Amino acid sequence: MGGLSASAAFREHLRRLCLGEFPCGAGSWNRSHFKLRKRKPGGNAAQREADAGTAQHQEIGTPSEESLETLMEFVSSQDSPWALPPDCSPEDQHLRELAVQSPQLIRDHFIFLFFRSLRIVDKGVNEVDEHLLKFHNLEELILSANQISKINSAHLPRTLKVLELCGNEIIGLQDLCSHPPPELQHLGLGYNRLLGSSEDKYLTAEFWPNLLSLDLSFNNFTDLLGIVSKLATLRRLRTLVLQGNPLVLIPGYRGFVIDSLPKLCILDDRNISPDEKHQFHGLSSKPDLIVNKAQLVVSVGKITGLPNPIKPEELESGPESPVITHSYYVTYEFVEREKAEDTNSDEVIKVHKSQMVATPNTGSPPGSADTGGSESPAMSSLLKQESPAKRANRHLTLRKPWAETIECSHRKEHVTGDLVALKAFLIAGTTVTVVEEKVLSWPIAAALAEDAGKKGKAEKGKAEKGKPKDGGKGDKQKKKKESPVELRSDPPLLRNLGSGHVNLESLLTGDQLVAVVCDFGVLIAEETTQPPSPKEKDGKKSTDKNKKTKSGGESPGSQKTTVAAKGKGKNKASPEGKEVQEIQPVPLTVEFQVQLIQ
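Residues numbered from 1 in each chain as written. Predicted model: local features only at pLDDT ≥ 70, side-chain atom pairs only at ≥ 80, totals over all residues. Heavy atoms only, no water.

Every buried residue belonging to helix α14 (residues 419-428) is among Leu419, Ala421, Leu422, Lys423, Phe425 and Leu426, and all of these are buried. Contacts from the buried residues of α14 go to β11 (294-304), β12 (323-335), β14 (392-396), β16 (405-416) and β17 (430-443). At the C-terminal side of α14, Gly429 shows a positive phi close to 85 degrees. (Buried < 20%, exposed > 50% of the residue type's maximum accessible area, 1.4 Å probe, protein only. Helix = DSSP H or I, 4+ residues; strand = E, 2+ residues; numbered from the N terminus. Contact = heavy atoms within 4.5 Å.)

Shown next, in the form of structure tokens:
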């Protein structure tokens, strides 16, 4: 797709105004058209006869003609089918009205003199050509949201006072500063690709002596001391926008800029109050305090809305059933190449080790050092399922057992010197996830102990006859205490209970705190079937036999018990039971916040 020049986009804009079509222009629908032709001097006899005929038609009034008032209403009414599109300027509207009242004026020379403001937004323009010099009275040129990467200032009208280039692809200011408009008062360069110290030298009074307002928002300026020293030469500068640049993340940014530019009135769309000037007075004389590093603190608070994972069948499990451990933690992402400091990392390790008995896997690679300890292989596989939208590290809170309200008490300080990467991360945001970790631990020597017990049952019985009853029980209790059951843990089963995106872009626009409650909706308890243990299988067989014997005949006592059980079932359907069902479920929520230290 070829590029488009600014003058070509302006021609297309004029075509949309329809200055020569109904209801504008000097067509047969405009009665002033006939007056113009009648007043036109010269011409041959045939031309004079045609003029006479048009004059006669004017007196009679043909149905195709419209009065000037009607045409003006067609042009000015918002409900008219000939109304201008919403993105047109007041100057466009005025030009259309002139095309109705005085269509003979609509010529190229008049149009170039007429426009004082030119707005070409989101038209795919990638070149500012020399035809713009034809606008001799142009004071405002808005070329936002286009594809301009270089701009030759020699092609800009010298009368310009406002130049807006926001949302383009400008990477350098050298061409713009070769012949800058001398009377320029506002320069908008926000949302471009300007890089740091290499462009600071073009932001001085040598190139912009009359500049009152400068917008450099959402570029990649990182050197706070360097850019402030250059901006200090702009004696008339009153409005400055630097938000969205990586340097705004540096501690002390706002105070240092306010004290270094004492004539500044507005910084980052916020008025500078006298209290701020007094508060930051003298900070500009201490440049050693400014360090190009950002410091953020991430906190994770309470988790609520988790369903109870413990089921009745797990409570009634026998000694040969697995020991099931449920734990919960929160994960979030943070930018790479950062140093994280955890205030209670030792406590995290201790709590994690005391929560479950498991055989360590020495062959697995160590995970990232964070609050929740190392990532398991199952956790790594879960993370691979998500597409890496941005380069970031995954951090975990410490694992906690189930409770109606889990207090994570997580606080971690992140410090990074890669401000450009941090800016990109904050624009993309982070992902907060609640993870359930389920571990099944099985008795290792259960089967062996059962076989040994059957073989030595007779010998133990003989030995027990010759011992006192109390002494024998005491020895058994001591042996039980001395030989605890050893467990073998399966790999942890991970389940993503809820995941949500948190927008952090406001930290680049002046906010120092992002505090949200992530709502993941109501969770439904997961129904799982546990594999039966050998003892449970034997128990099922015995129950089946008992059912067969009972089916032959039931005693009166058993019948009474059955009736009583049925009566209890009816009570469960009482109004009290209905009240329990009407309780509103609690959604799964997590308290999450990120604070920028300034």
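Alright, that's what it looks like, and here's the rest.
For the rest of this paragraph, the subject is the sheet that holds strand β8 (residues 239-241). Reading across the sheet, the eight strands line up as β2-β4-β5-β6-β7-β8-β9-β10 and stay open at both edges, with mixed pairing between neighbours. Among the strands making up the open sheet, the edge pair consists of β2 (117-119) and β10 (270-271). (Pairing = 2+ DSSP bridges.)

Quick look at empty space enclosed by the protein now. Counted by the stated rule, this structure contains two cavities of 30 Å³ or more. Reported here for the second largest cavity is a volume of approximately 30 Å³. Every residue lining the second largest cavity is listed: Val298, Tyr332, Glu333, Phe334, Phe425, Thr430, Leu504, Phe592 and Val594. Looking at the lining of the second largest cavity, the elements with two or more residues in it are β12 and β21 (589-596). Along the lines of polarity and charge, the residues of the lining of the second largest cavity split into seven nonpolar, one polar and one charged. (1 Å grid on protein atoms, 1.4 Å probe; cavity = no way out; pocket = protein on both sides within 12 Å on 5 of 7 lines; lining within 4 Å. Points joined across faces, edges and corners; volume = space filled by probe spheres on them. Nonpolar A, V, L, I, M, F, W, Y, C, P; charged D, E, K, R; others polar.)

Bringing unusual backbone geometry into the picture now. Residues Phe22 and Pro23 are joined by a peptide bond in cis, for which omega reads 5 degrees. For Pro23, the position within the fold is in the loop between α1 (6-17) and α2 (32-39). You will see that Ala145, though not glycine, has its phi angle at about 55 degrees, which is positive. By the element assignment, Ala145 lies in the loop between β4 (140-142) and β5 (162-164). Unlike most non-glycine residues, Ser409 shows phi in positive territory, near 50 degrees. Assignment of secondary structure puts Ser409 in strand β16. Judged by its relative accessible area of 44%, Ser409 falls in the partly exposed class.

Time to look at the confidence of the model for the protein. For the protein, per-residue confidence averages 77 on the pLDDT scale, and residues scoring 70 or more make up 67% of the total. Within the model, pLDDT remains below 50 along residues 343-389, and this stretch shows 59 contacts once partners closer than five positions in the same chain are excluded. (pLDDT = per-residue confidence, 0-100.)

Let us now look at the pairing of β11. Burial runs high along β11: nine of the eleven residues are buried. With ten bridges joining them, β11 and β16 adopt antiparallel strand pairing. When the bridges of β16 are listed, Lys302 appears paired with Glu407. Inspection of the sheet shows β11 paired to β21 by seven bridges, in the antiparallel sense. Residue pairing across strands places Thr304 opposite Thr589, the latter belonging to β21.

The subject of this paragraph is the pairing of β12. Of all 13 residues in β12, ten are buried; the element is thus mostly enclosed. Of the strand pairs in this sheet, β12 and β17 are connected by nine bridges, and their pairing is antiparallel. Paired with Ile324 across the two strands is Leu440, which belongs to β17. Here β12 pairs with strand β15 (residues 400-401) via two bridges, running antiparallel. Counted as the bridge partner of Ser327 is Pro401 from β15. One ladder, built from five bridges, connects β12 with β14; its direction is antiparallel. Residue Glu333 lies in a different strand from β14, and its bridge partner there is Arg394.

Each aromatic ring pair is specified by the distance between its two centres and by the angle formed by the two planes. Under the definition given, this model contains 13 aromatic pairs. Ring centres of Phe22 and Phe74 lie 5.8 Å apart, and the angle between their planes is 55 degrees; on these two criteria the pair is classed as tilted. Taken as a pair, Phe22 in the loop between α1 and α2 and Phe74 in helix α4 (residues 68-76) lie far apart in primary sequence, 52 residues in all. Residue classification places Phe74 among the partly exposed residues on the basis of a relative accessible area of 23%. An aromatic cluster is built from Phe10, Phe110, Phe112, Phe114, Phe115 and Phe135, whose rings are joined through pairwise contacts. A cation over a ring is seen here: Arg399 above Tyr329, with NZ or CZ 4.5 Å from the ring centre. (Phe/Tyr/Trp six-rings, centres within 6.5 Å; stacked < 30°, edge-to-face > 60°. Lys NZ or Arg CZ within 6 Å of the ring centre and 35° of its normal.)

Under the counting rule described, the total for this entry stands at eight salt bridges. Of the charged contacts in the structure, one is a salt bridge between Arg15 and Glu12, with a shortest N-O distance of 2.6 Å. With Arg15 and Glu12 both in helix α1, this residue pair falls three residues apart, about one helical turn. Note that Glu276 and Arg254 form a salt bridge whose closest N and O atoms lie 2.8 Å from each other. Placement of Glu276 in helix α10 (residues 274-279) and of Arg254 in helix α9 (residues 253-260) is noted, with a sequence separation of 22 residues between them. Exposure class is identical for Glu276 and Arg254. Each is buried. (Salt bridge = Lys/Arg side-chain N within 4 Å of Asp/Glu carboxyl O.)

This paragraph deals with the side chain of Thr204. Tracing the backbone shows Thr204 in the loop between α7 (196-200) and β7 (213-215). Every residue in contact with Thr204, bar those within four places of it in the chain, is listed here: Lys230, Thr233 and Leu234.

What follows concerns the packing of α4 against helix α5 (residues 90-101). Where α4 contacts α5, the axes come no closer than 10 Å and their chain directions differ by 160 degrees. As summarised for this structure, α4 and α5 are arranged roughly antiparallel, according to the angle between their axes. Where α4 crosses over α5, the two elements pack in a sense that is right-handed. Counted together, Leu68, Leu71, Met72, Val75 and Ser76 of α4 and Gln93, Arg96, Glu97, Val100 and Gln101 of α5 form the full contact between these two elements. In the contact of α4 with α5, the residues fall into five nonpolar, three polar and two charged. (Axes fitted to C-alpha atoms, helices over the stretch in contact; angles between N-to-C directions. Parallel < 35°, antiparallel > 145°, perpendicular 65-115°, else oblique. Left-handed = near helix turned anticlockwise from the far one by under 90°.)

Here we take up the side chain of Glu276. Judged by relative accessible area, Glu276 falls into the buried class, the value being 12%. For Glu276, the side chain forms a polar contact with the side chain of Arg254, separated by 2.8 Å. Excluding residues within four positions of it along the chain, Glu276 makes contact with Arg254, Ile258, Arg270 and Asn271. (Polar contact = N/O pair within 3.5 Å; in protein donor to acceptor, adjacent residues only side chain to side chain.)

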